[in-house]
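Observations on chain architecture
Each chain, letter by letter, is given below.
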Amino acid sequence: MTDNVTAGSPAPHTPSPADGYVGDPALRAEWDNRYADRQQLWSGRPNGALVAEVAGLTPGRALDVGCGEGADAVWLARGGWDVTAIEVSGVALERAAGHARDAGLTVRWVHAALTDAGLPAASFDLVSAQYPALLRTPDAAAERALLAAVAPGGVLLLVHHAGMETHEAHDSDFDPADYVWPSMVATLFNDDWEVEVDEQRPRVAPDGGAGAHHTDDLVLRARRLR
């Protein structure tokens, strides 16, 4: 079974997680096009850093930011987590919902950009963002949204490709300066946060899928104390 929510509110009668999108239509179209180009964009397996970092945590409420085709969300749900998964691409969410349904698991799907989703504040025991494509803004809206979602005692886990933030802009119009990187989130920590992991490590990459060529991860894990 799967549940569908839009903008953070239950919508049990909505037929598809692709309905009710909240966010920039151009961003949705960009990612829909990327997913539509392939029958499967990612490997279908959970990210290695997530598996490693969540191993010792007690399951609770989890938010999967930029869930893609749902491999992490399904893995968390299978492990006993109450999962909410957010994604801008309706194409990806349809696939993710199908994977959860095939596995007999319940996931709440949110079709929205993180900063527009209206998620309940301070309510997730785990906020996981694995290689997220979060756009940078002058008010650090995405960074603050990540922190705001974590409940007291909960964990923020942010993983990204090492070295990407220092690359030059590409001919494909990808400019690393446009995106949020772990170091930017770390600058917002205050005495309410304890950094548990902040390191670069070899990537444990699932076989296949886009991004498999990256060899090292930046892993930032922090606990909200209050």
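Check the entry above for the structure.
Report follows, based on the coordinates.

How each quantity is defined
- Along each chain, the written sequence defines residue order, and numbers are assigned to residues from 1.
- Predicted model: local features are reported for residues with pLDDT of at least 70 only, side-chain atom pairs are reported and counted for 80 or more only, and whole-chain, interface and lining totals are derived from all residues.
- Note that water and hydrogens are dropped before the side-chain values are worked out from all heavy atoms of the structure.
- For helices the rule is a DSSP run of H or I covering at least 4 residues; for strands it is a run of E covering at least 2, with both sets numbered from the N terminus onward.
- The cut-offs for exposure are 20% and 50% of the maximum accessible area for each residue type, with area from a 1.4 Å probe on protein chains only; residues under the lower value are buried, those over the upper are exposed, and the others partly exposed.
- Contacts: residue pairs with any heavy atoms within 4.5 Å of one another.
- Each accessible area is a Shrake-Rupley result for a 1.4 Å probe, and residues are judged covered by the shown protein chains and nothing else.
- The term salt bridge refers to a pairing of a side-chain nitrogen on Lys or Arg with a carboxyl oxygen on Asp or Glu at a separation within 4 Å.
- Side-chain rings of Phe, Tyr and Trp, where Trp is taken by its six-membered ring, are said to pair if the distance between their centres is within 6.5 Å; with planes under 30 degrees apart they count as stacked, over 60 as edge-to-face, and otherwise as tilted.
- Two thresholds decide whether a charge sits over a ring: the Lys NZ or Arg CZ must be within 6 Å of the ring centre and within 35 degrees of the ring normal.
- Here a polar contact means two N or O atoms within 3.5 Å. Within protein one must be a hydrogen donor candidate and the other an acceptor candidate, and residues neighboring in sequence count only if both atoms are side-chain atoms.
- In short, DSSP must find at least two bridges between two strands for them to pair.
- Viewed with both strands pointing away, a crossover whose connecting path from the first strand over the helix to the second turns clockwise is right-handed.
- Each nonpolar core is a collection of buried residues, namely Ala, Val, Leu, Ile, Met, Phe, Trp, Tyr and Cys, held together in the definition by side-chain atoms within 4.5 Å.

Concerning the overall build of the protein chain
The secondary structure content of the protein chain amounts to 6 helices and 9 strands. Burial status across the protein chain gives 50% buried among its 226 residues. Across the protein chain, every contact between residues at least 6 apart in sequence was considered, and the portion connecting residues at least 24 apart equals 74%. Taken as a whole, the protein chain presents about 10600 Å² of accessible surface, with 49% of it coming from carbon and sulfur.

Thoughts on the pattern of salt bridges
If you walk through the whole model with that rule in mind, you get 10 salt bridges. A salt bridge links aspartate 192 to arginine 226; the nearest nitrogen and oxygen atoms lie 3.0 Å apart. One end of the pair, aspartate 192, is in the loop between α6 (182-186) and β8 (193-202); the other, arginine 226, is in the segment after β9 (216-224), with 34 residues separating them in the sequence. Looking at aspartate 192, the relative accessible area reads 26%, which means it is partly exposed. One salt-bridge network, in which partners are shared between bridges, spans Glu53, Glu196, Glu199, Arg201, Arg221 and Arg223.

Considering the packing of aromatic side chains
A complete count under the given rule lists 2 aromatic pairs for this structure. Ring centres of tryptophan 31 and tyrosine 35 lie 6.3 Å apart, and the angle between their planes is 40 degrees; on these two criteria the pair is classed as tilted. Separated by 4 residues within a single helix, tryptophan 31 and tyrosine 35 lie in helix α1 (residues 25-36), roughly one turn from each other. Accessibility assignment for this pair places tryptophan 31 and tyrosine 35 in one class, buried. Directly above the ring of tryptophan 31 sits arginine 34, whose terminal nitrogen or CZ lies 4.2 Å from the centroid. Positioned above the aromatic ring of phenylalanine 124, the side-chain terminus of arginine 61 is 4.8 Å from the ring centre.

As for the side chain of histidine 111
Take histidine 111: it is sitting in strand β5 (residues 108-111). Look at histidine 111 and you get buried, because its relative accessible area is 0%. Only 3.2 Å separates the side chain of histidine 111 from the backbone nitrogen of glycine 90, close enough to count as a polar contact.

Quick look at the pairing of strand β6 (residues 124-130)
Among the 7 residues in β6, 6 count as buried, and that is most of the element. Sheet topology places strand β3 (residues 61-65) next to β6; 4 bridges connect them, and they run parallel. Residue pairing in the sheet places leucine 63 in a bridge with valine 127 of β6. With 6 bridges connecting them, β6 and strand β7 (residues 150-161) associate as parallel partners. Bridging across to β7, phenylalanine 124 finds its partner in valine 150. With helix α5 (residues 141-149) bridging β6 and its parallel neighbour β7, the resulting β-α-β unit is right-handed.

Examining the nonpolar core
In terms of nonpolar packing, the biggest core is built from 27 residues, with Val54, Leu76, Trp81, Val83, Val107, Trp109 and Leu126 touching the most fellow members. Taken together, the elements giving at least two residues each to this core come down to α2 (48-54), α3 (71-78), β4 (82-87), α4 (90-102) and β7. In contact with tryptophan 81, other than residues within four places in its own chain, are Val54, Leu57, Thr58, Pro59, Gly60, Arg61, Ala62, Leu76, Asp125 and Leu126. Core analysis: the second largest hydrophobic core is formed by 26 residues, Ile86, Phe124, Ala129 and Leu147 among them.

Considerations on unusual backbone geometry
Even without a glycine there, the phi angle at alanine 122 is positive, about 50 degrees. Within the secondary structure, alanine 122 sits in the loop between β5 and β6. We note that tyrosine 131 has phi near 55 degrees; this positive angle belongs to a residue other than glycine. Note that tyrosine 131 resides in the loop between β6 and α5. Classification of tyrosine 131 as buried rests on a relative accessible area of 16%.

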